[in-house]
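Descriptive analysis of the structure
Listed below are the residues making up each chain.
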Amino acid sequence: MTSRLDVTGIAVAVVLLGYGVAFVNVARGIPIDAEAVLTFLLFALAWAAVLAAARILTPHAVTYPIVIAAALGAVGLAEVYRIDASLAGRQRWWFVVAAAAAIALLSGLRGNGLASLRRYRYLTLLLAIGLLLLPLLPDNSWLPIAGKTVNGSRLWVEMTLGSFTVQFQPGELAKLPLLVFLASLLADQPPVPAIASPARFGRSDLRRLVPVLLAFSLAFVVLVVQRDLGASVLLFATFVTLLYAASGHRAYLMSGG
């Protein structure tokens, strides 16, 4: 039943993208060209490959997040295609790269499971903080990477390698290692082992949360300095959700809300 739902979910995401691309072309009065078909096919193949790899390499894992990510990716790619078809053409290849990276990660974790992520949790934290700090680099620097202010927010970096230039938001990448750090720490050191309310924290429980609170606070402060309210709220919601997942107490959700 679960496998059918997963396949159905990926199929719905693919159809959603196809409908979005077709709708944009019809609105513009242009036919469906080879570029649009290629975008559709690469998107479908990328997500089908990730789902197949997850089933084979991690047969007991929950794969619903893959379906949710595919649906969000379909909406996002359709929006990019509506704004600029050439940008969508590049974005489809980033889906292929991301799918390959996901499959490689699943293959690497197949042997010892999540032990590697737990062993190097503090390195992942340093990686996350480093990515968050990248936009604060000066605009003009001898480095091949520089920070950029766009619409009043210091979120972007521009990286130049020879004639190749790419702009991206490192904060989007930083969310992944930060999530790995918080999840691995809370999995090994649950914040509330046997109490019914966060209000009854003991000193030992509070000490367990200190590294998590420090990591969260530092990341949150960086995002506030960069004037990225959306990412700050998302990070806070992730933090509260992980506390709830680690403890099982709904009081975290209510107090966080």
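Coordinates for the structure precede this section.
Overview of the structure. These figures come from a predicted structure and were not determined experimentally.

Rules and cut-offs
- Residues numbered from 1 in each chain as written.
- Predicted model: local features only at pLDDT ≥ 70, side-chain atom pairs only at ≥ 80, totals over all residues.
- Heavy atoms only, no water.
- Helix = DSSP H or I, 4+ residues; strand = E, 2+ residues; numbered from the N terminus.
- Buried < 20%, exposed > 50% of the residue type's maximum accessible area, 1.4 Å probe, protein only.
- Contact = heavy atoms within 4.5 Å.
- Areas by Shrake-Rupley, 256 points an atom, 1.4 Å probe, with all protein chains shown as cover.
- Expected span 1.5 Å × (residues − 1).
- Arc of directions from axis to C-beta.
- Phe/Tyr/Trp six-rings, centres within 6.5 Å; stacked < 30°, edge-to-face > 60°.

The helix and strand tally for the protein stands at ten helices and three strands. For the protein, the N- to C-terminal ordering of α and β elements is α-α-α-α-α-α-β-β-β-α-α-α-α. The buried share of the protein, taken over its 257 residues, is 34%. Of the contacts formed within the protein by residues at least 6 apart in sequence, a portion of 56% connects residues at least 24 apart. Approximately 15100 Å² of the protein is accessible, and the part contributed by carbon and sulfur atoms is 69%.

Let us look at helix 2 (residues 34–57). With 24 residues, helix 2 should reach 34 Å at 1.5 Å per residue; the first-to-last C-alpha distance of 34 Å fits that figure. Turning to helix 2, its buried residues number three or more, namely Ala 36, Thr 39, Leu 42, Phe 43, Ala 44, Ala 46, Trp 47, Val 50, Leu 51, Ala 53, Ala 54 and Leu 57.

Before going further, it helps to examine helix 3 (residues 64–83). Residues spaced three or four apart along an α-helix face the same direction, because each turn holds 3.6 residues. In a regular helix each residue adds 1.5 Å, so 20 residues correspond to 28 Å; helix 3 covers 29 Å between its end C-alpha atoms and thus fits that length. When we look at burial in helix 3, the residues that qualify are Ile 66, Val 67, Ala 70, Gly 73, Ala 74, Leu 77, Ala 78 and Tyr 81. Buried residues of helix 3, viewed axially, fall in a sector of 130°; they line one side. Facing away from the buried side of helix 3 by over 90 degrees, the exposed positions are Pro 65, Ile 68, Leu 72 and Ile 83.

Moving on, we get to the packing of aromatic side chains. One pass over the structure, following the stated rule, counts five aromatic pairs. Ring centres of Tyr 19 and Phe 23 lie 5.8 Å apart, and the angle between their planes is 35°; on these two criteria the pair is classed as tilted. Of the two residues, Tyr 19 and Phe 23 both sit in helix 1 (residues 2–28), four residues apart, roughly one turn of that helix. The burial state of Tyr 19 is the same as that of Phe 23; both residues are exposed.

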